Amino acid sequence: MIIRVLPQLETRAEWLAFCRRESPYCMVDAPPCLVDFQTHFLQLTLFTDKDPVRYTLGSRRSIDPAWQLIKRCNWSLKAMLEGLETLDFGSNVRDNELLGVHTDLSARRSFPRDPHLNAPDCSHLLTPLPHFPAHWDEHTLQRLLISGQFRDWRLEQDTIELSPRSLLVELVEHPRIWSAQLTGPRLQVLYKHRALIASCIPDLSMSNEEPPKGLPRLL
């Protein structure tokens, strides 16, 4: 699924353009948030340093309460999220001034557990590495693999099959469980930062003209 990434949702024009899309569903860079405007509900998933937080706002009968809340926050997604973060969801949040825009408006906070839910900064152009990084992370490892800037791929455990292509998929879907460290000339690929699974020799003189088929440069 291709998800559009917008720089912001801070004006009336930006909200209207967003809702005119065939599917009003997008990532926003600032603040980092997944915005999903459903039939009667506005669902905001805010990405933080810890687990994502999801706010579900709206009415069972009409889309109008969600729009009234957006207008009350002066069409600013940032202001809306800042207000929601101050609410005490252990009490009757509908009595709060921020939400006092419509009697049918309800608000709920939850913590999504979707393992494939990634922040918008996970979307980036994977360009070749111009030089070796001071520190190897999942992003630099992705760039190395998709650009073909390596040689001598080696599996370090006989019972595990892991190709560069399958590792790229893993780095997109489960980035936090993979890491890499340079030991001598070889770059070691670690699972859960401990188990050595594979290794290769980084070589910036090697480069694919095109990314492997089935793997887009935009991830």
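Residues take numbers from 1 onward in each chain, read along the sequence in its written order. Totals for whole chains, interfaces and linings use all residues, but because this is a predicted model, local features are given only for residues with pLDDT of at least 70 and pairs of side-chain atoms are given and counted only at 80 or more. The side-chain figures draw on all heavy atoms in the structure; neither hydrogens nor water molecules are used.

**Student:** Got a sec to walk through the sheet that holds strand β2 (residues 25-28)? Specific residues and values, please.
**Tutor:** By definition, the strands of a sheet pair up through backbone hydrogen bonds, in either a parallel or an antiparallel sense. Pairing between two strands requires that DSSP report at least two bridges joining them. Working definition: helices are DSSP H or I runs of at least four residues, strands are E runs of at least two. Numbering for both runs from the N terminus. Judged by pairing direction, the sheet is mixed, and its six strands sit side by side in the order β1-β2-β3-β4-β5-β6 without closing on themselves. Both edges of this open sheet fall to β1 (4-6) and β6 (106-110), since each of them pairs with a single strand only. Across this sheet, the average inter-strand angle for adjacent strands is 20°, counted without regard to direction. By the bridge criterion, six bridges tie strand β4 (residues 41-46) to strand β5 (residues 53-58) in an arrangement that is antiparallel. To obtain each axis, a line is fitted to C-alpha atoms, and for helices this fit is confined to the stretch in contact; angles are then taken between N-to-C directions over 0 to 180 degrees.

**Student:** An account of the pairing of β2 is needed here, citing residue identities and associated values.
**Tutor:** In terms of strand pairing, β1 meets β2 through three bridges, oriented parallel. Of the residues in β2, the one forming a bridge with V5 is M27. Looking at chain direction, β2 and strand β3 (residues 33-37) are connected through four bridges and run antiparallel. Paired with Y25 across the strands is D36, a residue of β3. The turn linking β2 back onto β3 is made up of four residues.

**Student:** Could you give an account of the side chain of R54, naming the residues involved and the relevant values?
**Tutor:** The residue R54 is located in strand β5 in this model. Among the residues examined, R54 registers a relative accessible area of 19% and is labelled buried. Pairs of N or O atoms are called polar contacts if they sit within 3.5 Å, as long as, within protein, a hydrogen donor faces a hydrogen acceptor (for residues adjacent in sequence, only side-chain-to-side-chain pairs). Of the polar contacts made by the side chain of R54, one reaches the side chain of T45; its length is 2.9 Å. In this scheme, a residue with accessible area under 20% of its type's maximum is buried, one over 50% is exposed, and one in between is partly exposed, where area comes from a 1.4 Å probe on protein chains only.

**Student:** A description of the pattern of salt bridges should follow, citing residues and the corresponding values.
**Tutor:** For this analysis, a salt bridge means a side-chain nitrogen from Lys or Arg found within 4 Å of a carboxyl oxygen belonging to Asp or Glu. Scanning the model with the defined rule gives three salt bridges in all. Residue R151 is joined to D203 by a salt bridge in which the shortest nitrogen-to-oxygen separation is 3.1 Å. Of this pair, R151 sits in strand β7 (residues 150-155) while D203 is found in the segment after β10 (195-202), placing the two residues 52 residues apart along the sequence. One salt bridge connects R186 with D152, and the closest N-O pair in it is separated by 2.8 Å. Within this pair, whereas R186 is found in strand β9 (residues 186-191), its partner D152 is found in strand β7, the two being separated by 34 residues in sequence. For R186, a relative accessible area of 12% puts it in the buried group. Through salt bridges that share partners, D152, R154 and R186 make up one connected network.

**Student:** Explain the environment of D203 to me, using residue names and the numbers behind them.
**Tutor:** Judged by its relative accessible area of 17%, D203 falls in the buried class. Through-space distance from the C-alpha of D203 to that of L129 is 9.9 Å; in sequence the pair is 74 residues apart. Apart from the residues within four sequence positions on either side, D203 is in contact with Q149, F150 and R151. Note on contacts: a residue pair qualifies if any of its non-hydrogen atoms lie within 4.5 Å across the two residues.

**Student:** Lay out the packing of helix α4 (residues 138-146) against helix α5 (residues 164-173) in plain terms, naming residues and giving numbers.
**Tutor:** Viewed as axis vectors pointing N to C, α4 and α5 meet at an angle of 150°, and their least axial separation amounts to 10 Å. Taken as axis vectors, α4 and α5 run roughly antiparallel relative to one another. The two elements α4 and α5 cross, and the hand of that crossing is left-handed. For the pair α4 and α5, contact is made by E138, L141, Q142, L145 and I146 and by P164, L167, L168, L171 and V172, respectively. When residues are grouped by polarity, Ala, Val, Leu, Ile, Met, Phe, Trp, Tyr, Cys and Pro land in nonpolar, Asp, Glu, Lys and Arg in charged, and all others, Gly among them, in polar. The residue makeup of the contact of α4 with α5, split by class, is eight nonpolar, one polar and one charged. In these notes the angle categories are as follows: under 35 degrees is roughly parallel, over 145 is roughly antiparallel, 65 to 115 is roughly perpendicular, and the rest is oblique. In a left-handed crossing the near helix is turned counterclockwise from the far helix by less than a right angle, and in a right-handed crossing that turn is clockwise.

**Student:** Tell me about the side chain of R186, and name the residues and values.
**Tutor:** Of note is the side chain of R186, whose polar atom sits 2.9 Å from the side chain of S199. In contact with R186, other than residues within four places in its own chain, are D152, R154, E156, Q181, S199, C200 and I201.

**Student:** Describe unusual backbone geometry, with residues and values.
**Tutor:** Omega for the peptide link from A30 to P31 comes to -5°, which places this bond in the cis form. When you line up the elements, P31 lands in the loop between β2 and β3. Although it is not a glycine, D152 adopts a positive phi angle of roughly 55°. Its identity is not glycine, yet K192 carries a phi of approximately 55°, on the positive side. Looking at the secondary structure, you find K192 in the loop between β9 and β10.

What is shown is where atoms sit, not what they do.
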